[in-house]
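Examining the three-dimensional arrangement
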Amino acid sequence: MGRQRPGTPTLEEVAARAGVGRGTVSRVVNNASGVRDSTRRAVQQAIAELGYVPNLAARSLAGHRADAVALVITETDWRLFGEPFFTEIVHAVGDALTDTPVQLLLTLVRTDTERQRFVEYARGGRVDGVLLMSVRAEDPLPDMLAKAGLPTVMLGRRSGDESVTYVDADNAGGARGAVTHLLNGGRTTIGAITGPLDMYVAQCRLRGYREALELAGVEVRPSLIVEGGDFTEESGRRAMAGLIARHPELDAVFAASDSMASGALNALRTAGRRVPQDVAVIGFDDSQPARPTDPPLTTVRQPLEEIGRTMVRLLLEEMEDTPVAWRHVILRTELVLRDSA
C-alpha cells in the first residue's frame, strides 16, 4: 500500500482519534456507502485535525481515482517552454480543467529512462490519464502508455497512420492556403522555413507548401526549402539568413511557426529588405508573437484554445469509458491577414 513519510499521520491514527476501526476510515476516505452520518463526520473531523492525506496508490488499488492527469512534453530543449505555442496550450488545458476536480500535472520526458520512469509512475495510480505534446516520429511513449492501459490523447500525431487518440490542426491545408495567398499576390520566388522534419506537423506544413506550388504549376526548388531545426525565433533567423544568401531574388517566405517568422523578419531587417515591399512573410499558429512584430505578421491561425479543450474532453471521456476505437480530430485553420503579407 506504500509507506507513509515520517511524521505523516496514518490511517490507524485517524481511526484512533475518531474512535472507529481502520476499515471505517477507509470507507469514509473512499466515499463508500454504509457509514452513519455521525460516524462519517467524526472521521472527517479527525482527518482535518490530523492533516491526514490519503495514500493515492492505495486508493488506486481499491479502484478509485487519483483525480489527476499529466500533461507530458517530450521536448529535449528547455528553451521551448518559453515559446508562446507551449504556454498557450498549457493555459488552454488548465482552463478546460478548471470546473472539474481533476488536478493538472506538468512533466518533461526526454530520455528512455524518463519514459520508463513516467510509465511506472502513471501505472502506479498517480494519474488517471495522459496528455502528450510535441511527440516526434519514433517516440515509443504513446504506445507504452497504451500498452499500460492508460487513457492517452496526443496533440498532433507521429504519422499519417496514428494508433492513439489525437487532436490536430489542418496543417497541410493551412500551409497550402498561405502559399496560395502569396502566389495570388504575385510572388514568384517563395522560400519555406520548416520545423524539425522528424515531427509530422512539420512534414504536413511542408507538404502544404509543395502542394500550393504544384497546383499553380510552379517548380518546387529544394534550395528554397530550409529546415529550421526547431520552431524557435533563432532557428528562423538563421534559416532566413541562409535563404537570402542563396536566393537574393527571394520575394516571399512561408515559415512553419510564428516564432520562426519573427526570426525571419529580424534577418530581413538586418539585410535591408523591406517587408512586405521586397519580401512578404507568413507564419503559422497566430500565437503571441504575431501581434507585436513590425510589421504585424500575417499568419495561419490554429485554434489553440479549442485544441486544448478538445484534448481534455476526449481524455475525460476515455477515462469514463473504454473506447471502442481511437478518435482522430482535425480542426480547421484560418489565414489571418496582416501587414507582412
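Residues numbered from 1 in each chain as written. Predicted model: local features only at pLDDT ≥ 70, side-chain atom pairs only at ≥ 80, totals over all residues. Heavy atoms only, no water.

On to the overall build of the chain. In terms of regular secondary structure, the chain is built from twelve helices and twelve strands. Within the span of the chain, comprising 341 residues, buried residues form 50% of the whole. For the chain, restricting intrachain contacts to residue pairs at least 6 apart in sequence, the fraction spanning at least 24 positions comes to 72%. (Helix = DSSP H or I, 4+ residues; strand = E, 2+ residues; numbered from the N terminus. Buried < 20%, exposed > 50% of the residue type's maximum accessible area, 1.4 Å probe, protein only. Contact = heavy atoms within 4.5 Å.)

For the structure on display, the rule yields one cavity of 30 Å³ or more. There is about 380 Å³ of room inside the largest cavity. Around the largest cavity, the lining is made up of 24 residues, and of these Phe 85, Met 199, Val 201, Arg 205 and Phe 231 lie nearest the centre. Where the lining of the largest cavity is concerned, the elements lending two or more residues are helix H5 (84-96) and helix H9 (200-215). (1 Å grid on protein atoms, 1.4 Å probe; cavity = no way out; pocket = protein on both sides within 12 Å on 5 of 7 lines; lining within 4 Å. Points joined across faces, edges and corners; volume = space filled by probe spheres on them.)

Counting all residues, the mean pLDDT for the chain is 88, and 89% of those residues have values of 70 or more. Low confidence marks residues 1-6, where pLDDT is under 50. Its contacts with residues over four positions away, or in another chain, come to seven contacts. (pLDDT = per-residue confidence, 0-100.)

Let's shift gears to the packing of aromatic side chains. Using the criterion set out here, one finds three aromatic pairs in the structure. Their ring planes at 70° and their centres at 6.4 Å tell us that Phe 254 and Phe 284 sit as a pair that is edge-to-face. With Phe 254 in strand E8 (residues 252-255) and Phe 284 in strand E9 (residues 280-285), this pair connects stretches of sequence that are 30 residues apart. The same class applies to Phe 254 as to Phe 284, namely buried. (Phe/Tyr/Trp six-rings, centres within 6.5 Å; stacked < 30°, edge-to-face > 60°.)

Mapped onto the secondary structure, Thr 74 falls in the loop between strand E1 (68-73) and H5. Polar contacts involving the side chain of Thr 74 include one to the main-chain carbonyl oxygen of Ser 134, which spans 2.6 Å. Setting aside residues no more than four positions away along its own chain, Thr 74 makes contact with Val 109, Met 133, Ser 134, Val 135, Asp 139 and Leu 141. (Polar contact = N/O pair within 3.5 Å; in protein donor to acceptor, adjacent residues only side chain to side chain.)

This part is about the side chain of Asp 168. Its place among the elements puts Asp 168 in strand E5 (residues 166-169). A distance of 3.1 Å separates a polar atom in the side chain of Asp 168 from a polar atom in the side chain of Asn 171. Apart from residues no more than four positions distant in its own chain, Asp 168 is found in contact with Gly 156, Arg 157, Val 329, Ile 330 and Leu 331.

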